[in-house]
Amino acid sequence: GAGVSQSPRYKVAKRGQDVALRCDPISGHVSLFWYQQALGQGPEFLTYFQNEAQLDKSGLPSDRFFAERPEGSVSTLKIQRTQQEDSAVYLCASSLEARIGDTQYFGPGTRLTVL
Amino acid sequence: GQQLNQSPQSMFIQEGEDVSMNCTSSSIFNTWLWYKQDPGEGPVLLIALYKAGELTSNGRLTAQFGITRKDSFLNISASIPSDVGIYFCAGLPGGGGFKTIFGAGTRLFVKA
């Protein structure tokens, strides 16, 4: 398909496990965003990439969270030593340009449940 | 940190009724966005507003960027059952940067 895809769609982890969440943005999109959406809340910004450069990681809640986009396309969000409070939907979005306010296209999200 | 206060939290309306929801902030935003999210999906952009005072329509949807740059509203006219979902306001704060702030959402229920 032509949209943003994320995998896996659902992930269950035991507390303390490491997880890796994948985002495939729309081909050619320069900008990529990660958000965390807790149940009943709006998405919260985690980090922003422009091509392979991570320009803003101010929203990452702790040093257990790490994101990368090594070739400027696919991105991975890694969470180490997962905690119960990490349970949320993790959304990825991409936009065509590196322009503030450019339309972001969201993927369906990965629902992470930490037991 | 910067926050958006979105109201109402939920709305229960009859098909055909008009709907209004709004978003306020204590700080200035340069861009206001309105999204709709269906269950199991990511948010989809409905309307983007880039200038204070701007009024923009998209079909039955109309949104305005407040003159103070601290608020925005979204109106839906003649609601239909497929309008059901969660509507989020979002904004990009003054001062630049790509960080988008989202409100907590308005849950809309439409009774046929």
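Further up the page is the structure itself.
As a starting point, this report considers the structure included with it.

What counts and what doesn't
Residues numbered from 1 in each chain as written. Chains lettered and ligands numbered in written order. Predicted model: local features only at pLDDT ≥ 70, side-chain atom pairs only at ≥ 80, totals over all residues. Heavy atoms only, no water. Helix = DSSP H or I, 4+ residues; strand = E, 2+ residues; numbered from the N terminus. Contact = heavy atoms within 4.5 Å. Pairing = 2+ DSSP bridges. Axes fitted to C-alpha atoms, helices over the stretch in contact; angles between N-to-C directions. Buried < 20%, exposed > 50% of the residue type's maximum accessible area, 1.4 Å probe, protein only. Buried area = accessible area lost by both parts, 1.4 Å probe. Salt bridge = Lys/Arg side-chain N within 4 Å of Asp/Glu carboxyl O. Polar contact = N/O pair within 3.5 Å; in protein donor to acceptor, adjacent residues only side chain to side chain. Nonpolar A, V, L, I, M, F, W, Y, C, P; charged D, E, K, R; others polar. Phe/Tyr/Trp six-rings, centres within 6.5 Å; stacked < 30°, edge-to-face > 60°. Core = buried A, V, L, I, M, F, W, Y, C linked by side-chain atoms within 4.5 Å.

1. Here we look at the side chain of A:R64
- Along the polypeptide, A:R64 turns up in the loop between strand 6 (53-56) and strand 7 (65-68).
- Non-local contacts of A:R64, meaning those with residues more than four positions away in its chain, are made with A:K78, A:I79, A:Q80, A:R81, A:T82, A:Q83 and A:D86.

2. Things to note about the sheet that holds strand 3 (residues 19-24) of chain A
All names here are of chain A.
- Taking strand neighbours across the sheet as the criterion, the four strands line up as 1-3-8-7 in an open arrangement whose pairing is antiparallel. Two strands bound the open sheet, and with one partner strand each, they are strand 1 (5-7) and strand 7. Strand-to-strand twist across the sheet, computed as the mean angle between neighbouring axes with direction ignored, equals 15°.
- Across four bridges, the pairing between strand 7 and strand 8 (residues 75-79) is antiparallel.

3. Observations concerning the environment of A:G16
Residue and element names in this part refer to chain A.
- Mapped onto the secondary structure, G16 falls in the loop between strand 2 (10-13) and strand 3.
- You can call G16 partly exposed: its relative accessible area is 41%.
- With 20 residues separating them along the chain, G16 and Q36 place their C-alpha atoms 19 Å apart.
- Other than its neighbours up to four places away in sequence, G16 contacts R81 and T82.

4. Brief notes about the interface of chain A and chain B
- Contact with chain A, which involves 23 residues of that partner, is made by 19 residues of chain B.
- Buried area between chain A and chain B, summed over both chains or domains, comes out near 1,700 Å², and the portion from carbon and sulfur atoms is 59%.
- The largest contributions to the chain A side of the interface with chain B come from A:P43, A:I100 and A:F106, which together make up 28% of the buried area.
- Summed over the shared surface of chain A and chain B, the number is zero salt bridges.
- Inspection of the region where chain A meets chain B yields six residue pairs in polar contact (both at pLDDT 80 or more).
- Put simply, the parts of the chain that give the side of chain A that touches chain B at least two residues each are strand 4 (31-37) and strand 5 (44-50) of chain A.
- Of the residues in the side of chain A that touches chain B, the class split is 10 nonpolar, 10 polar and three charged.

5. Some remarks on the sheet that holds strand 7 (residues 61-65) of chain B
Residues and elements named next belong to chain B.
- Sheet architecture is open: five strands sit in the order 1-3-8-7-6, paired in antiparallel fashion. Each edge of the sheet is formed by a strand with only one pairing partner; in this case those strands are strand 1 (5-7) and strand 6 (55-58). Averaged over all adjacent pairs, the angle separating strand axes in this sheet is 15°, with direction ignored.
- Examined bridge by bridge, strand 1 and strand 3 (residues 19-24) share three bridges and lie antiparallel to one another. Looking at the pairing, S7 lines up with N22 of strand 3.

6. Description of the packing of aromatic side chains
- In the structure shown here, the tally under the stated rule is 13 aromatic pairs over all chains.
- Between the aromatic rings of A:F33 and A:Y48, the centroid separation amounts to 4.8 Å while the plane-to-plane angle is 40°, which identifies the pairing as tilted. Of this pair, A:F33 sits in strand 4 while A:Y48 is found in strand 5, placing the two residues 15 residues apart along the sequence.
- The exposure class assigned to A:F33 is buried, which follows from its relative accessible area of 3%.
- According to the relative accessible area criterion, A:Y48 is buried, its value standing at 0%.
- Between the aromatic rings of A:Y35 and B:F102, the centroid separation amounts to 5.6 Å while the plane-to-plane angle is 85°, which identifies the pairing as edge-to-face. Of this pair, A:Y35 sits in strand 4 while B:F102 sits in strand 10 (residues 101-102), placing the two residues on different chains.

7. Some words on the nonpolar core
- With 22 residues, the main nonpolar core has B:W34, B:L74 and B:L108 as its most contacted residues.
- Taken together, the elements giving at least two residues each to this core come down to strand 2 (10-14), strand 3, strand 4 (29-37), strand 5 (44-49), strand 7, strand 8 (71-76), strand 9 (85-93) and strand 11 (106-111) of chain B.

8. Re the environment of A:I26
Residue and element names in this part refer to chain A.
- Its location among the elements puts I26 in the loop between strand 3 and strand 4.
- Considered as a pair, I26 and E85 are 59 residues apart in the sequence and their alpha carbons are 30 Å apart.
- If we ignore the near neighbours within four places in the chain, the residues touching I26 are A2, G3, V4, S94 and Y105.

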